[in-house]
Amino acid sequence: MILVIGATGKIGGEVARLLVAAGSPVRALVRDPSKATALAARGVGLATGDLTDTASLDAAMRGAERVFLVSGQDLRQAELQGNAVDAAVRAEVGHIVKVSGIAPSVSPGGPAEIGRQHWRTEHRIEESGVPFTFLRPGFFMQNLLETAAPMVSRLGLLAAPMARAPIAMVDARDIAAVATEVLTSENHYERVYDVTGPRAFPYAELAAILTRATGQRVRYVHTPPALAATVLRRQGRPDWQIEHLVEMAELFRAGAGATVSGTVRELTGLAPRSIEGFAAEYAGAFDQGGGARLLRPAARIGLTVAGRAAGVSRSGRRHRAG
Ligand SMILES: NC(=O)c1ccc[n+]([C@@H]2O[C@H](COP(=O)([O-])OP(=O)(O)OC[C@H]3O[C@@H](n4cnc5c(N)ncnc54)[C@H](OP(=O)(O)O)[C@@H]3O)[C@@H](O)[C@H]2O)c1
């Protein structure tokens, strides 16, 4: 049996689904079982628990041969995931597969706190003696649904502090496909895999891709980090998260997202999903309504404000590997 932690999230949910489809017995540790009824209907066993609750982790780990470990961004991540590692040791689990941070951020002295937390968790797993595999993904395409889609659909504006940085965005479903292969094979112990999309592209190109996918004009505007932080603060984001997003953007501007890995194709035999395919699939989330082909007046104002503040002017489908 494979225990999936984080099964109500973007990667964990897909991992649980793919494992069941592959015929593996799966148990999911969930904080709120009502969020996992679809998984339960597919045959995933549910163990109610929390990474803060050691007894619930011990109960969930009972009989688990392997553990898939992912949890959301959290300043206590090393402590929370460390609890799962300790429980895995007690339960004599045979393999931990952890979703870590983007490779350049995972370092004890790295520039972003979440990356430092990932490094501490990786280190703790290595020291535990449990065989492990670490997946270090790039920027998730799914982030765009949360961070970019609201402003694109309202204003036709893609605003981000990414300058011209190329980023090899990856579809979270491909990270899950890699994890599923790793969890069902004996071939990936003590391995660390970078998991990216098929190519790196700057935000200006992303705007053009969204324009084609929606049939409506989308413009990219580089926002200076201080302005991006102000916008995030107005959205009610906590300070640590704003700091994290600003630190990560700085890392991306320095080129941290530019490297493309072949992991998805090599491990799954499938081509990684493309940003063009993602944009076509989720075009509705970026749709400006009413088929606006030109920027609306509000967008022009937003563009002018953001552009002035920045001191910058504007600037697929899945295939089987052959
Ligand atoms: N986003 C990116 O571009 C990116 C890139 C590289 C690496 N990463 C890493 O990927 C990981 C996933 O991030 P995400 O935000 O995308 O995850 P997510 O989809 O929000 O999923 C987080 C999952 O963890 C569960 N969880 C959180 N706290 C828990 C706790 N105390 N006990 C049990 N379960 C708990 C959540 O359960 P609930 O449903 O109950 O909340 C949810 O199932 C993070 O470690 C992040 O650093 C992200």
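Predicted model only: the values in this text are computed from it and were never measured.

**What to know about the overall build of the protein chain**
- Across its full length, the protein chain carries 15 helices and 9 strands.
- Relative to its full complement of 322 residues, the protein chain shows a buried share of 51%.
- About 14200 Å² of surface is accessible on the protein chain, with carbon and sulfur atoms providing 51% of the total.

**With respect to the nonpolar core**
- In terms of nonpolar packing, the biggest core is built from 31 residues, with Ile11, Val15, Phe68, Leu135 and Val195 touching the most fellow members.
- When residues of this core are traced back to their parent elements, those giving at least two are strand E1 (2-5), helix H1 (10-21), strand E2 (26-30), strand E5 (95-99), helix H8 (172-183), strand E8 (191-195) and helix H12 (263-268).
- For this core, the element with the highest residue contribution is H8, accounting for 7 residues.
- Leave out the neighbours within four places in its chain, and phenylalanine 68 touches Leu3, Val4, Ile5, Ile11, Gly12, Val15, Val97, Val99, Ala179 and Leu183.

**Description of helix H3 (residues 54-61)**
- Every buried residue belonging to H3 is among Ser56, Leu57, Ala60 and Met61, and all of these are buried. With its buried residues spanning 130° around the axis, H3 presents them on a single face.
- The backbone nitrogen of alanine 55 lies 3.2 Å from a side-chain oxygen of the residue at the head of H3, namely aspartate 53.
- Positive phi shows up at glycine 63, right after H3, with a value of about 85°.

**Brief notes about the packing of helix H4 (residues 77-90) against helix H5 (residues 113-128)**
- Axis separation between H4 and H5 bottoms out at 9 Å; the angle between their running directions is 15°. With respect to their mutual orientation, H4 and H5 come out roughly parallel. The two elements H4 and H5 cross, and the hand of that crossing is right-handed. Across the interface between the two elements, Gln77, Ala78, Gln81, Gly82, Asn83, Val85, Asp86 and Val89 from H4 touch Ile114, Gln117, His118, Arg120, Thr121, Arg124, Ile125 and Ser128 from H5.
- Of the residues assigned to the contact of H4 with H5, the class counts are 5 nonpolar, 8 polar and 3 charged.

Conventions and cut-offs
Counting from 1, residues in each chain are numbered in the order their sequence is written. Reporting of local features is limited, given that this is a predicted model, to residues whose pLDDT is at least 70; pairs of side-chain atoms are given and counted only at 80 or more, and all residues count toward the totals for whole chains, interfaces and linings. Heavy atoms from the whole structure form the basis of all side-chain values; hydrogens and water molecules are not counted. Strands here are runs of E lasting at least two residues and helices are runs of H or I lasting at least four, both read from the DSSP assignment and numbered beginning at the N terminus. Here's how the labels work: a residue is buried when its accessible area is under 20% of the maximum for its type, exposed when over 50%, partly exposed in between, all with a 1.4 Å probe on protein chains only. Note on areas: these come from Shrake-Rupley sampling with a 1.4 Å probe, and a residue is covered only by the protein chains present in the view. Joining through side-chain atoms within 4.5 Å is the link that ties buried Ala, Val, Leu, Ile, Met, Phe, Trp, Tyr and Cys residues into a set, and such a set is a nonpolar core. Whether two residues touch is decided by their heavy atoms; if any such pair falls within 4.5 Å, the residues are in contact. In this description, one arc is meant: the one made by directions from the helix axis to the C-beta atoms. Here a polar contact means two N or O atoms within 3.5 Å. Within protein one must be a hydrogen donor candidate and the other an acceptor candidate, and residues neighboring in sequence count only if both atoms are side-chain atoms. The angle between two axes is taken between their N-to-C directions and runs from 0 to 180 degrees, where each axis is a line fitted to C-alpha atoms and a helix contributes only its stretch in contact. If an angle is under 35 degrees, it is roughly parallel; if it is over 145, roughly antiparallel; if it lies from 65 to 115, roughly perpendicular; otherwise it is oblique. Two helices that cross are described as forming a left-handed crossing if the nearer one is turned anticlockwise from the farther one by less than a right angle, and a right-handed crossing if clockwise. Amino acid classes used here: Ala, Val, Leu, Ile, Met, Phe, Trp, Tyr, Cys and Pro are nonpolar; Asp, Glu, Lys and Arg are charged; the rest, including Gly, are polar.

Remember that the coordinates give geometry; whether it matters functionally is a separate question.
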